[in-house]
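Residue strings, one per chain:
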Amino acid sequence: MDEELRSLTHRLAEEAEGSAAYHRLIATEDEEELARVLVERERPLWAREIAAFRLGCGGDRRAFETLVLLLNHRDPERCAGAAHALARLGDPRTPRAAAALATNSLRTAYALYPVRLLGELRAPESVPALMTTLRGLLGPDEPHWRVALACVEELGLLGDARARPLLETALPHPRLGDAAAEALGRLPAY
């Protein structure tokens, strides 16, 4: 059991109240059984999360929709698990979905994990989406500065020169300045 799955199972054990269904979903190797959990009515969220995570990490694209819903959840731990599984899923729809979630200004409070996922995916959608998200977060007294910081850090890791003007704009921001300077140092010279 890898660390992410161990963390997920530990976190959901209490939510599932140690039920037999919980133990069954953790132990089963039957992908069809896991896939049925995603579509059966009246399944609790913890069961869908376990099934989607396990299928996603195994590369089964039937988990995609559930994982995207979890990536957009209020609970940061659910988002983290979904991002981990989506990164391993290998579904070509993932970058577009992560970009849509990261750039949705109505959901900025929940954009941290989509932003991090975009950096990890290194997809064509990554840099434009990160730039769009960051651009909307450079105002004074921005409450979602952690999301802005994640954008700056991921843009630096991606090393795309298109981000230079935006990263330069982030330099004077007290919470972003150091990361912006570091990110700029990673970009190719003019």
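Relevant structure appears above.
Description of the structure in this document. Quick caveat, the model's predicted, so the values are computed rather than measured.

Structural notes on the overall build of the chain
Within the chain, the regular secondary structure consists of twelve helices and zero strands. Along the first, second and third principal axes, the C-alpha atoms of the chain reach 55 × 30 × 25 Å. A total accessible area of about 9900 Å² is found for the chain, and carbon and sulfur atoms account for 52% of it. Across the chain, 24 positive and 29 negative side-chain charges occur, with their mean positions spaced 3 Å apart.

A short note on the environment of Leu71
For Leu71, the position within the fold is in helix H5 (residues 64-71). In the structure, Leu71 is positioned 43 residues away from Pro114 in sequence and 6.8 Å away in space, judged by C-alpha atoms. When sequence neighbours within four positions are dropped, the list of residues in contact with Leu71 reads Cys79, Ala82, Ala83, Leu86, Leu101, Tyr110, Tyr113, Pro114 and Leu117.

Digging into the pattern of salt bridges
Oppositely charged side chains can form a pair if their charged atoms are brought close together. Considering all chains together, one arrives at 18 salt bridges under this definition. The salt bridge involving Arg6 is made with Glu3; its shortest N-O contact spans 3.4 Å. Taken as a pair, Arg6 and Glu3 lie in helix H1 (residues 3-15) at a separation of three residues, close to a single helical turn.

Here we look at the side chain of His73
Inspection of the secondary structure puts His73 in the loop between H5 and helix H6 (76-89). Engagement of the side chain of His73 in a polar contact is seen with the backbone nitrogen of Asp75, the distance being 2.9 Å.

Section: the packing of aromatic side chains
Counted according to the given criterion, the structure contains one aromatic pair. An angle of 65° between the planes, with centres 6.2 Å apart, marks the rings of Tyr22 and Trp46 as edge-to-face. Taken together, the positions of Tyr22 in helix H2 (residues 20-27) and Trp46 in helix H4 (residues 45-57) put the pair 24 residues apart, joining distant regions of the chain. Overall, Tyr22 belongs to the buried group, its relative accessible area being 6%.

Comments concerning the packing of H4 against H6
Two numbers describe how H4 lies on H6: the axes approach to 7 Å, and their chain directions differ by 25°. When the interaxial angle is binned, H4 and H6 end up roughly parallel. The handedness of the crossing between H4 and H6 is left-handed. For the pair H4 and H6, the contacting residues are Leu45, Trp46, Glu49, Phe53, Gly56 and Cys57 in the first and Arg78, Gly81, His84, Ala85, Arg88 and Leu89 in the second.

Observations concerning H6
Because an α-helix packs 3.6 residues into every turn, residues spaced three or four apart end up facing the same way. Taking 1.5 Å of rise per residue, the 14 residues of H6 would be expected to cover 20 Å, and the 20 Å separating its terminal C-alpha atoms lies within 8% of that figure. Three or more residues of H6 are buried, namely Arg78, Cys79, Gly81, Ala82, Ala83, His84, Ala85, Leu86 and Leu89. Residues of H6 that are buried sit in contact with H1, H4, H5, helix H7 (94-103) and helix H8 (112-121). The distance from a side-chain oxygen at the start of H6 to the backbone nitrogen of Glu77 is 3.0 Å, and the residue carrying that oxygen is Asp75. One or two steps after H6, the chain reaches Gly90, where phi turns positive at roughly 75°.

Rules and cut-offs
- Residues numbered from 1 in each chain as written.
- Predicted model: local features only at pLDDT ≥ 70, side-chain atom pairs only at ≥ 80, totals over all residues.
- Heavy atoms only, no water.
- Helix = DSSP H or I, 4+ residues; strand = E, 2+ residues; numbered from the N terminus.
- Areas by Shrake-Rupley, 256 points an atom, 1.4 Å probe, with all protein chains shown as cover.
- Lys, Arg positive; Asp, Glu negative; His and termini not counted.
- Charge placed at Lys NZ, Arg CZ, Asp CG, Glu CD.
- Contact = heavy atoms within 4.5 Å.
- Salt bridge = Lys/Arg side-chain N within 4 Å of Asp/Glu carboxyl O.
- Polar contact = N/O pair within 3.5 Å; in protein donor to acceptor, adjacent residues only side chain to side chain.
- Phe/Tyr/Trp six-rings, centres within 6.5 Å; stacked < 30°, edge-to-face > 60°.
- Buried < 20%, exposed > 50% of the residue type's maximum accessible area, 1.4 Å probe, protein only.
- Axes fitted to C-alpha atoms, helices over the stretch in contact; angles between N-to-C directions.
- Parallel < 35°, antiparallel > 145°, perpendicular 65-115°, else oblique.
- Left-handed = near helix turned anticlockwise from the far one by under 90°.
- Expected span 1.5 Å × (residues − 1).

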